[in-house]
Amino acid sequence: MSRGKLDQSPLRELIAQHDIIGLVETWKNTAQGEELSVDGYTNFVEGAVKSGKKGRKSGGIIVYVKNKLLPAVSRIHGAGNAVWLCYEKHYHRAVFAFLYNAPTGSNYADEDVFDGLETTVANLKDDGIDDLVIYADINCRTGELDDRVREGEPDDRVDLPLPEYYEHNPEVGPRASRDKVANSRGYDLIDFLKANSMLIVNGRVAGDSQGEFTYISDSGNSMIDLCIATYSAYSQVRQLEVIRDIHDSDHCPVSYELPTPLGNPLPSQDEAENQGPT
């Protein structure tokens, strides 16, 4: 990612069409990412990392938030090479995250990424946040694996302890996927989703009924750029689109639309006092 590439018309136009947009795997450190500003937006940066003197950096995330949303949006702590943002307005709260993990076998791969995510999700739910959406480029291929846990049906995770906030899927249909391959990290992601009451949005909503490929290259195509959400947030996603006309990367931008205000209401003063200290 360079200043020149950022200033190119297609990418600039794409940014202007969104209230919140994340660029993942920028290879920029924090200072470099902060320099890549866009008029009318505030950028939140997670710097790329480098393990030695040679070779390029890994990861790096820049999230642009339209200034009209501030100060309703603030950065919060969360796991992984990620930017976690909390949107709080009109007594509603929701969390959005942009997450990257290098491919398995890379020196930069975090093979414990799901442990950290599980802790973050648990903390958010303990804080009363039910609406969570994560854009994840974590090199998971889930093929047509089922991410639903439906009450009364057998599941391979029933012998595992589930968190107190666990809930069975509501009436959610199967997802479509043009990518028929599942890798080991994809199976791990499915386990994480089932244990934390979350779903893959790709291939399930208007605009992406077929589960389009998000990574297209001469070596092959896959769906590895995923939008995952809690049940509550998923039910509010109006549409998702895999954008094919941006040619600066093998990864296709994934755009999704949510209403505002989004999120679960904050407790009133009386309710907060009745709940006691937290």
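This write-up is about the structure you can find in this document.

What follows concerns the overall build of the protein. When helices and strands are counted, the protein shows 7 helices and 14 strands. Here the protein holds 278 residues, and 47% of them are scored as buried. Residue pairs in contact within the protein that sit at least 24 positions apart in sequence constitute 69% of those at least 6 positions apart. As displayed, the protein offers around 13900 Å² of accessible surface, 46% of which is attributable to carbon and sulfur atoms.

Let us now look at the packing of aromatic side chains. The final tally for this structure, using the stated rule, is 2 aromatic pairs. Relative to Tyr135, the ring of Phe98 lies with its centre 6.2 Å away and its plane at 45°, an arrangement referred to as tilted. With Phe98 in strand S6 (residues 92-100) and Tyr135 in strand S7 (residues 132-137), the pair connects residues that are 37 residues apart, well separated along the chain. A residue is classified by how much of its surface remains accessible, and Tyr135, at 11% relative accessible area, is buried. Each ring, one from Phe114 and one from Phe192, has its centre 5.8 Å from the other, and the planes form 35°; the classification is tilted. You can see Phe114 sitting in helix H4 (residues 113-126) and its partner Phe192 sitting in helix H5 (residues 184-195), a full 78 residues away along the chain. Taken as a pair, Phe114 and Phe192 share a single burial class, namely buried.

Here Asn196 shows up in the loop between H5 and strand S8 (198-200). Relative accessible area serves as the criterion here: at 0%, Asn196 is assigned to the buried category. There is a polar contact of 2.8 Å between the side chain of Asn196 and the backbone oxygen of Phe192.

This next bit is on the packing of H4 against H5. Where H4 meets H5, the closest approach of the two axes is 11 Å, and the angle between their N-to-C directions is 15°. One element, H4, and the other, H5, form an angle in the roughly parallel class. Considering only the axes of H4 and H5, their crossing is right-handed. Contact with H4, carried on its side by Phe114, Leu117, Glu118 and Val121, involves Arg185, Asp188, Leu189, Phe192 and Ala195 of H5 and no other residues of that element. Here the contact of H4 with H5 is built from residues that sort into 6 nonpolar, no polar and 3 charged.

Another point: the environment of Asp19. Inspection of the secondary structure assignment puts Asp19 in the loop between helix H2 (9-16) and strand S1 (20-24). In sequence terms Asp19 and Lys66 are 47 residues apart; their C-alpha atoms lie 5.1 Å from each other. Those residues in contact with Asp19, other than ones at most four positions away along the chain, are Tyr41, Tyr64, Val65, Lys66, Lys68 and Leu69.

Let's shift gears to the nonpolar core. If you look at the biggest cluster of nonpolar residues, it comprises 34 residues, and the most contacted ones within it are Val133, Val201, Leu240 and Tyr256. Elements with a minimum of two residues in this core: strand S3 (61-66), strand S5 (81-89), S6, S7, strand S11 (225-230), helix H6 (231-234), strand S12 (239-242) and strand S13 (254-257). Here the element with the most residues in this core is S6; it accounts for 4 residues. Core analysis: the second largest hydrophobic core is formed by 27 residues, Phe114, Leu189, Met198 and Ile200 among them.

Right, let's talk about the sheet that holds S3 for a bit. Read across the sheet, 3 strands follow the order S1-S3-S2 without closing on themselves; strand pairing throughout is antiparallel. Each edge of the open sheet is held by one strand with a lone partner, namely S1 and strand S2 (41-46). Shown here is a sheet whose adjacent strand axes are inclined to one another by a mean of 15°, direction ignored. Inspection of the sheet shows S1 paired to S3 by 5 bridges, in the antiparallel sense. Counterpart to Ile21 in the pairing with S3 is Tyr64.

Looking now at the pattern of salt bridges. A side chain of one charge can pair with a side chain of the opposite charge when the charged atoms of the two come close. Scanning all chains against the criterion turns up 12 salt bridges. Close ionic contact of Glu111 with Arg185 constitutes a salt bridge, the shortest N to O distance being 3.5 Å. Within this pair, whereas Glu111 is found in the loop between S6 and H4, its partner Arg185 is found in helix H5, the two being separated by 74 residues in sequence. Salt-bridge contacts for Arg141 lead to Asp179; the nearest nitrogen and oxygen are separated by 2.7 Å. Of this pair, Arg141 sits in the loop between S7 and H5 while Asp179 sits in the loop between S7 and H5; the two residues are 38 residues apart in sequence, bridging distant segments of the chain. Relative accessible area serves as the criterion here: at 23%, Arg141 is assigned to the partly exposed category.

Another aspect to go through is H5. Compared with the 16 Å implied by 1.5 Å per residue over 12 residues, the 17 Å span of H5 between its first and last C-alpha is a close match. Those residues of H5 hidden inside the fold are in contact with H4, S8 and S11. Remark: Ser197 follows H5 within two positions and exhibits a positive phi of approximately 55°.

How each quantity is defined
- Residues numbered from 1 in each chain as written.
- Predicted model: local features only at pLDDT ≥ 70, side-chain atom pairs only at ≥ 80, totals over all residues.
- Heavy atoms only, no water.
- Helix = DSSP H or I, 4+ residues; strand = E, 2+ residues; numbered from the N terminus.
- Buried < 20%, exposed > 50% of the residue type's maximum accessible area, 1.4 Å probe, protein only.
- Contact = heavy atoms within 4.5 Å.
- Areas by Shrake-Rupley, 256 points an atom, 1.4 Å probe, with all protein chains shown as cover.
- Phe/Tyr/Trp six-rings, centres within 6.5 Å; stacked < 30°, edge-to-face > 60°.
- Polar contact = N/O pair within 3.5 Å; in protein donor to acceptor, adjacent residues only side chain to side chain.
- Axes fitted to C-alpha atoms, helices over the stretch in contact; angles between N-to-C directions.
- Parallel < 35°, antiparallel > 145°, perpendicular 65-115°, else oblique.
- Left-handed = near helix turned anticlockwise from the far one by under 90°.
- Nonpolar A, V, L, I, M, F, W, Y, C, P; charged D, E, K, R; others polar.
- Core = buried A, V, L, I, M, F, W, Y, C linked by side-chain atoms within 4.5 Å.
- Pairing = 2+ DSSP bridges.
- Salt bridge = Lys/Arg side-chain N within 4 Å of Asp/Glu carboxyl O.
- Expected span 1.5 Å × (residues − 1).

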